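Close look at the chain arrangement
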Amino acid sequence: MNELVIDLEAEKKEILKRYRALLRACKPAMQKGDKRMIRQAFDMALESHKDMRRKSGEPYIYHPIAVAQIAAEEIGLGTTSIVCALLHDVVEDTDITLEDIEREFGKKVAKIIDGLTKISGVFDYNSSLQAENFRKMLLTLADDVRVILIKLADRLHNMRTMDFMPRDKQLKISSETVYLYAPLAHRLGLYAMKSELEDLAMKYMESETYKFIAKKLNEKKAERELYIKEFIEPFKNILIEQGLKAEVYGRPKSIHSIWNKMRKKGIPFEEVYDLFAIRIILDSSLENEKADCWKAYSIVTDLYRPNPDRLRDWISSPKANGYESLHTTVMGSKGQWVEVQIRTKRMNEIAEKGFAAHWKYKESAADTALDQWIHKVRELLSNPESNALDFLDEFKMNLFSDEIFIFTPKGALIQLPVHATALDFAFEIHSDLGAKCIGAKVNHKLVPLSYKLQNGDQVEILASNKQTPKEDWLSFVVTAKAKARIKSALKEEKRRAAEEGKEILERKLKSLKITYNTDNINKLTLYFKYPAPIDLFYNIAKGNIDLGSLKEFQSAEKTVETRTPERIEAAQIEGIINKVKAGKENNTLLIGEDMQKLDYKLSNCCNPIPGDDVFGFITVSDGIKIHRTTCPNAAKLMSNFGYRVVKAKWTSQKELAFLTGLRIRGIDDVGLINQLTTVISHDFKVNIRSITIDSNEGIFEGAIMVYVNDTQHLENLIKKLKQVKGVTSVTRYDSESKNLEIAS
Ligand code: MN
C-alpha cells in the first residue's frame, strides 16, 4: 500500500512537470489571459480523467498534455487549440458535456471539441461507417481546420505510444494512419509529421523491414556524416563571403521513404543513393528571398554539376499546400547524386509546420493556394451523390499527387494533379463545360479529351451541346471532381433508362399474364443474374435482354428458388467472426489447422506464404481471405472494414506449397535461363508455375512464379539464385492486381 502512495506522489510531480513543459512550448504565442485559460483547461482535464489510465498504466492526463504539446510545438497552434487539445477526450470519455465546455470556455472551443468528438473512431457493423467518419472529418475542414490539426496531433501521440496495444489494434490503427492521416498531414504541408506517421506505421506493419533499414542506416552513419561534411565545406564559406546568412546541414531521409524507393524500383538498400538531402536555410528579408535562394543555387552549382532534369522551382510557383523551396540534384565528388534543398527560414517553417505557419506570414502568396484547396474540398464534399467509399478513394488520390500548372486561353493559372487530362481541365473550369467537352486545343494544337497535360500547357476547351458524359471517360480522368461529376451524370442517365425499361417490362408481363409485383421482379432479377432490379430495367431498355426468354422464365419459375439477392448481412459476418473466436486463444485464426472448420483462402492479390505477417479478412460470399499486412489492399481493408479483420497465424506445415513471385534481373548470357531453372527445379525441387522473360539489349529481366513452403525456404532460394553468374538482383514481388475484394 505504502508503495502506491509514493507512486501517486511521484506521478503528481511528473504531471506538473509535464504541464510546465507545455506552458514553455506555448509561450511564444501567448497573450494576456492565455495562461489562465490554459490552466483552467488543464484543471478540468486533470479532474475529469483522474481515475483513468492508459493501456501502459500511465495516468491518462499524460495523453492530452502530450497532444497539446505537439499542437504547440510541432504545428505552431495558438491558445484556443491548446485548450481544445487538453480537453479533446473529455466529452467522449467523461461526464463533462459540451454545454459545460461552452459555459467555461465559450462557443468557439465548444464547436472544435464537438468536431473532435464527432470524428472519433466508432466502429460498427456497417461497411461504410468508417468512410463516413472520414468524410465527416473532412467536412470539418470547412468549419475549422483546427479540428483536423488537433486530430492529427492526437493520432501522432497515439502512434508514438502504441506498444501496449494488442497486435490487431496496432495494425488497424497503423493502416488507418497510412491510409488517411499521413496523406492529410502531407496535404496540409506538415512534412515532418507526415514522415513520422509513416515511419511509425511501418514499424508496426512491416517491423522486420523497418528494423533492417534502421540498422543499415545506423551502420553507415559515421561514413555518411563525413561525406556530408566534405560536401558542405567548400561552398559554406563562399555563401558567407557573398553576404548570405545561411545554415547548412545534411538531413537523413525517412525509413519509410527509403523503403518506398526500394519497392518502387525493385532495388536493394545498397542501391538507394539518396539516403539524405542537403538543406540550405537562408536568413533573408522578405523582399530578398527569391534572389538570395537563386544566389545560393548559383554558388552550389558552380562547384557541383547539376542534373538539368532535376531542378524544381517551388518558389515561383508554390505547391498547393504552401510548400516553397528550390530543389536541385548535383553530382557529388564521389560520383554520387546529392539532392540540395534551398529555402529561407520562413519557407522552412511553413515546410515543417504547414498550415498553421501560414497565419504568421499572411502576406505570403501561398495562402491563396491553400485557400483554393480548402475551397475545392468543400465543393467536393457538397456532392451528395458520391458514395463515401468512392469519394474517399478519389479524395485520397488527390491528397498525395503533385500538381502541374495549366493556363486558360486568357492566361489564368489552374492547378491540377499530375497526369490530369484535357477533360479534367474542362471539369475544373466548370462541370457543365466538362460534360459537354468534345476535345481541346493544347498550345493551339487539336488534341483528344484523354490528352495528358504537361506543366505550362495553355488549354482551350471545345464543347458541343450534343455531348453527354461517357462511361469510358472514367478510365482516364484523374481529378476527384471530374470523376464525381461523370459518375453522377451516368447514374442519372441509368435511372432515366431504367424508368423506360420498367415500363417496357410492365407491358410485357401484362401480356404474359404475370403479375407485376416486387416478388416477381426480384425473381426476374435473380433469373437474369443482375445485382439489382435497376440493372434489370436498364438492360431491358438497352435491348440487352431477349424478352422472348420471359416465357422460359415463366415455365422455369416453379423451380426457381425464392431468394433475395445476396447482400452484406451484418449478422452473417458476425456469425463468421464468432465462429473464428469460438474457444480460441487470442481469437486467432490458425492457418493450416482451421482449414476443416472454417472456409478460408489465400488471397491472390498478395500471395501470402507461411512466415509472412498476415491477417484474415471476412468476405461475404467467399469465406475468409488471408492477406499479407503489406498487401496493397491491406490498408484499405483494415481501415474501412476493421470489424471484418481477424488475426491470423501460420502453423507449421512443411508439406504444403504456396505460390509466390520472383523478379530476377541480370546480364543476359547464354544458358542463363537454363541455369536458373536448374537451381529452382533441380537443386531446390521447387515447382515452377510460369516464367516470363524479357531481354533487352543484353539486360535480362524475368518474372518466375514458383511454389515454396515458407519464407525461410524462399530466402534460401533467393540466396542461391543470386549466386548464379550474371544475376544482379532477385526480389520477391506480388501480382499487382488492383482489384479490391471488398464486398466479394
Ligand atoms: Mn485522444
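**Regarding the environment of Glu58**
Relative to the elements of secondary structure, Glu58 occurs in the loop between helix H2 (34-48) and helix H3 (62-73). With relative accessibility at 31%, the residue Glu58 sits in the partly exposed group. Sequence separation between Glu58 and Glu11 is 47 residues; the distance between their C-alpha atoms is 8.8 Å.

**Observations regarding the sheet that holds strand E3 (residues 312-313)**
As summarised here, the arrangement of the 5 strands in space is E1-E2-E5-E4-E3, forming an open sheet in which the pairing is mixed. Strand pairing shows two members of the sheet lacking a second neighbour, strand E1 (246-252) and E3, which therefore form its edges. Two elements, E3 and strand E4 (residues 326-331), share 2 bridges in a ladder whose sense is antiparallel. What sits directly across from Asp313, in E4, is Leu326. Those strands touched by helix H15 (residues 289-303) are strand E2 (276-282), E3, E4 and strand E5 (337-344), and its axis lies near 155 degrees from that of E5. Along the sheet face, helix H16 (residues 345-353) touches E1, E2 and E5 and points at about 105 degrees away from the line of E5.

**Remarks on the confidence of the model for the protein**
Per-residue pLDDT for the protein has a mean of 81; in total, 81% of the residues score no lower than 70. The low-confidence segment residues 122-128, where pLDDT is below 50, has 17 contacts with residues more than four positions distant or belonging to other chains. Overall, residues 559-568 carries pLDDT values under 50, and its contacts beyond four positions in sequence, including any with other chains, amount to 16 contacts.

**Re the nonpolar core**
Judged by nonpolar contacts, the single largest core of 73 residues is most densely connected at Ile82, Leu86, Leu87, Ile101, Leu152 and Leu197. Take this core: its biggest share by element is 9 residues, from helix H9 (residues 145-160). Looking at which domains feed residues into this core, each of domain 1 (2-205) and domain 5 (570-650) gives three or more. Among residues more than four places away in sequence, those in contact with Leu87 are Ala41, Met44, Ala45, Ile101, Phe105 and Ile113. Judged by nonpolar contacts, the second largest core, of 37 residues, contains Leu217, Phe235, Ile255 and Tyr297.

**As for the pattern of salt bridges**
One pass over the full model with this rule turns up 31 salt bridges. The partner of Glu289 in a salt bridge is Arg346, and the shortest N-O contact between them spans 2.9 Å. Of this pair, Glu289 sits in helix H15 while Arg346 sits in helix H16, and the two are 57 residues apart along the sequence. Per residue, the accessibility class of Glu289 equals that of Arg346, and both read buried. Two residues, Asp519 and Lys523, come together in a salt bridge whose shortest N-O distance is 3.6 Å. Here the residue Asp519 and the residue Lys523 both occupy positions in helix H23 (residues 518-527), the gap between them amounting to 4 residues, near one helical turn. Residue classification places Lys523 among the buried residues on the basis of a relative accessible area of 12%.

Calculation notes
Residues numbered from 1 in each chain as written. Predicted model: local features only at pLDDT ≥ 70, side-chain atom pairs only at ≥ 80, totals over all residues. Heavy atoms only, no water. Helix = DSSP H or I, 4+ residues; strand = E, 2+ residues; numbered from the N terminus. Buried < 20%, exposed > 50% of the residue type's maximum accessible area, 1.4 Å probe, protein only. Pairing = 2+ DSSP bridges. Contact = heavy atoms within 4.5 Å. Axes fitted to C-alpha atoms, helices over the stretch in contact; angles between N-to-C directions. pLDDT = per-residue confidence, 0-100. Core = buried A, V, L, I, M, F, W, Y, C linked by side-chain atoms within 4.5 Å. Domains from an automatic or database assignment. Salt bridge = Lys/Arg side-chain N within 4 Å of Asp/Glu carboxyl O.

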